[in-house]
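If you want the building blocks of each chain, they are given just below.
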Amino acid sequence: MDNEERFSNKVADYVKYRPSYPQALIDCLIDQAKLTGNTQIADIGAGTGIFSKLLLEQGLTVTAVEPNANMLAAAKAQLSDNNRFSYLNNNAEQTGLADQSIDLICAAQAFHWFNTAQSKQEFKRILKPDGYLALIWNQRSMQQPLQIEYDQLLGEFCSDYSRVNHMNLTAEVLASCFAQDVMQQYSFHNHQTFELSGLIGRIQSTSYCPATDSQSYQQLMAAVKVLFCKYQVGGKIRLEYETKLYLGKL
């Protein structure tokens, strides 16, 4: 399946069940990249606009660039009333943005989908000489038994999981995206709390979730229900994340 179409039938679950990002990360980004209302920000691989929304709430100006029309429609539906928001139905390798027009490029939960070499060239074209690149991921914390067993279930029943997992990106690959391989690294705590239906929706929002009419999906759901019953407290479980920010110049 083309990467750009992987989420076409997952938009509703994505909007409802994907985690947002900590306010502390937004505050850090504003401080370190010296963002103001006049700063031109490109949210590349913007998806349904989760990260764009947080930036707009701070009075910042954002252009969302997203190749998947269904995902972009969800972003437009909730953000187009804001006059600081604009959008392009393009990809990271050909954004459609003007040369040296952007002060900050953000890629939240998206950079691992890009062609690294081609997107780096495009970023160099559109970024101003003193501009910043920010790569951001919610990364599940692997400190608790729940988290470890959850990850094992995904590996067992989701055939694409190991291939498309963003944690496949090494520190060396990430550093190579920045000038002189120098990047600032920050980590912030984040979490989601789910009832069983929410946990299922969270899984269904992922690109690697098996088709709902497949045997793998039925096996995964059976295992998830067992896992939920094992770890639930008051009918809920809590997924813990470390939200990573990699920030630097190009």
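Details of the structure are given in the entry above.
A brief report on the enclosed structure follows. (Residues numbered from 1 in each chain as written. Predicted model: local features only at pLDDT ≥ 70, side-chain atom pairs only at ≥ 80, totals over all residues. Heavy atoms only, no water.)

1. Remarks on the overall build of the chain
Turning to step 1, where the next piece is worked out: Helix and strand counts for the chain come out as 10 helices and 7 strands.
Turning to step 2, where the next piece is worked out: By the compact-globule yardstick of 18 Å for 250 residues, the chain fits well, its C-alpha radius of gyration being 18 Å.
Turning to step 3, where the next piece is worked out: In terms of its C-alpha atoms, the chain occupies a principal-axis envelope of roughly 55 × 35 × 30 Å.
Turning to step 4, where the next piece is worked out: The burial tally for the chain puts 52% of its 250 residues in the buried class.
Turning to step 5, where the next piece is worked out: When contacts within the chain are restricted to residue pairs at least 6 apart in sequence, those whose partners lie at least 24 apart make up 77%.
Turning to step 6, where the next piece is worked out: Carbon and sulfur atoms make up 46% of the accessible area of the chain, which totals about 11600 Å². (Helix = DSSP H or I, 4+ residues; strand = E, 2+ residues; numbered from the N terminus. Rg over C-alpha atoms; globule rule 2.2 N^0.38 Å. Buried < 20%, exposed > 50% of the residue type's maximum accessible area, 1.4 Å probe, protein only. Contact = heavy atoms within 4.5 Å. Areas by Shrake-Rupley, 256 points an atom, 1.4 Å probe, with all protein chains shown as cover.)

2. So, the environment of Arg84
Turning to step 1, where the next piece is worked out: With respect to the helices and strands, the residue Arg84 is situated in the loop between α4 (69-79) and β3 (85-88).
Turning to step 2, where the next piece is worked out: Judged by its relative accessible area of 32%, Arg84 is partly exposed.
Turning to step 3, where the next piece is worked out: In this structure the C-alpha to C-alpha distance between Arg84 and Thr193, which are 109 residues apart in sequence, comes to 32 Å.
Turning to step 4, where the next piece is worked out: When near neighbours in sequence (up to four residues on either side) are disregarded, Arg84 contacts Gly37, Leu56, Gly59, Leu60, Thr61 and Val62.
Turning to step 5, where the next piece is worked out: Here Thr61 takes part through its side chain, which lies 2.9 Å from a polar atom of the side chain of Arg84. (Polar contact = N/O pair within 3.5 Å; in protein donor to acceptor, adjacent residues only side chain to side chain.)

3. What to know about the packing of helix α6 (residues 145-157) against helix α10 (residues 215-231)
Turning to step 1, where the next piece is worked out: Here α6 crosses α10 at 170 degrees, and the two axes come no closer than 10 Å. In terms of axis orientation, α6 runs roughly antiparallel to α10. On α10, the residues that touch Pro145, Leu146, Glu149, Tyr150, Leu153 and Phe157 of α6 are Ser216, Gln219, Leu220, Ala223, Val224, Leu227, Lys230 and Tyr231. (Axes fitted to C-alpha atoms, helices over the stretch in contact; angles between N-to-C directions. Parallel < 35°, antiparallel > 145°, perpendicular 65-115°, else oblique.)

4. Some words on the sheet that holds strand β2 (residues 61-65)
Turning to step 1, where the next piece is worked out: Taken in spatial order, the 7 strands line up as β3-β2-β1-β4-β5-β7-β6 in an open sheet, and their pairing is mixed. The sheet terminates laterally at β3 and β6 (184-194), the two strands that pair on one side only. The mean inter-strand angle of the sheet, taken between neighbouring strand axes irrespective of direction, is 20 degrees. (Pairing = 2+ DSSP bridges.)

5. Description of the nonpolar core
Generally speaking, nonpolar side chains in soluble globular proteins are found buried as a group.
Turning to step 1, where the next piece is worked out: Membership of the largest hydrophobic core comes to 32 residues, with the highest contact counts inside it found for Leu29, Phe51, Leu55 and Leu245.
Turning to step 2, where the next piece is worked out: Broken down by secondary-structure element, the contributors of at least two residues to this core are α1 (11-17), α2 (23-32), α3 (50-56), β2, α4, β4 (102-108), β5 (127-140) and β7 (237-249).
Turning to step 3, where the next piece is worked out: Of all the elements, α3 adds the most residues to this core, at 5 residues.
Turning to step 4, where the next piece is worked out: Ignoring anything within four residues of it in the chain, the contact list for Leu29 reads Lys34, Leu35, Phe51, Leu55, Leu104, Cys106, Ala134, Leu245 and Leu247. (Core = buried A, V, L, I, M, F, W, Y, C linked by side-chain atoms within 4.5 Å.)

6. Observations regarding α6
Turning to step 1, where the next piece is worked out: With 13 residues, α6 should reach 18 Å at 1.5 Å per residue; the first-to-last C-alpha distance of 18 Å fits that figure.
Turning to step 2, where the next piece is worked out: Within the span of α6, buried status applies to Leu146, Gln147, Tyr150, Asp151, Leu153, Leu154 and Phe157. What you see down the axis of α6 is that its buried residues fit within an arc of 155 degrees, all on one side. Exposed side of α6, more than 90 degrees from the buried face: Gln152 and Glu156 are the residues found there. (Expected span 1.5 Å × (residues − 1). Arc of directions from axis to C-beta.)

7. Re the pairing of β5
The two faces of the sheet receive side chains in turn, since in a regular strand these alternate between them.
Turning to step 1, where the next piece is worked out: Counting buried positions along β5 gives 10 out of 14 residues, so the element sits mostly inside the fold.
Turning to step 2, where the next piece is worked out: Relative to β7, β5 runs antiparallel, the two being bridged by 9 bridges. Pairing of Trp137 across the sheet is with Lys244, part of β7.

8. Section: the pairing of β3
Turning to step 1, where the next piece is worked out: As defined by bridge partners, β2 adjoins β3 across 4 bridges and the pair is classed as parallel. Across the sheet, residue Val65 finds its bridge partner in β3, namely Leu88.
Turning to step 2, where the next piece is worked out: Crossover β2 to β3 through α4 is right-handed. (Right-handed = clockwise from strand over helix to strand, strands pointing away.)

9. Description of the packing of aromatic side chains
Turning to step 1, where the next piece is worked out: Taken as a whole, this structure holds 7 aromatic pairs when the rule is applied.
Turning to step 2, where the next piece is worked out: Linked through ring pairs, Phe111, Phe114 and Phe123 together constitute an aromatic cluster.
Turning to step 3, where the next piece is worked out: Lys249 extends its terminal NZ or CZ atom over the ring of Tyr132, reaching a point 4.8 Å from the ring centre. (Phe/Tyr/Trp six-rings, centres within 6.5 Å; stacked < 30°, edge-to-face > 60°. Lys NZ or Arg CZ within 6 Å of the ring centre and 35° of its normal.)

10. Quick look at the side chain of Gln147
Turning to step 1, where the next piece is worked out: Position of Gln147 relative to the elements: it lies in helix α6.
Turning to step 2, where the next piece is worked out: Here Gln147 is in contact with Arg140, Ser141, Met142, Arg238, Leu239 and Glu240, once residues within four sequence places are set aside.

11. Digging into the packing of helix α9 (residues 196-204) against α10
Turning to step 1, where the next piece is worked out: Following both chains from N to C, one finds α9 and α10 inclined at 140 degrees, their axes separated by 11 Å at the closest point. Judged by the angle between their axes, α9 and α10 are oblique. In this structure, α9 meets α10 at a crossing whose hand is right-handed. Two secondary-structure elements touch here, α9 through Leu196, Leu199, Ile200, Ile203 and Gln204 and α10 through Tyr217, Leu220, Met221, Val224, Lys225 and Phe228.
Turning to step 2, where the next piece is worked out: Split by residue class, the contact of α9 with α10 holds 9 nonpolar, 1 polar and 1 charged. (Left-handed = near helix turned anticlockwise from the far one by under 90°. Nonpolar A, V, L, I, M, F, W, Y, C, P; charged D, E, K, R; others polar.)

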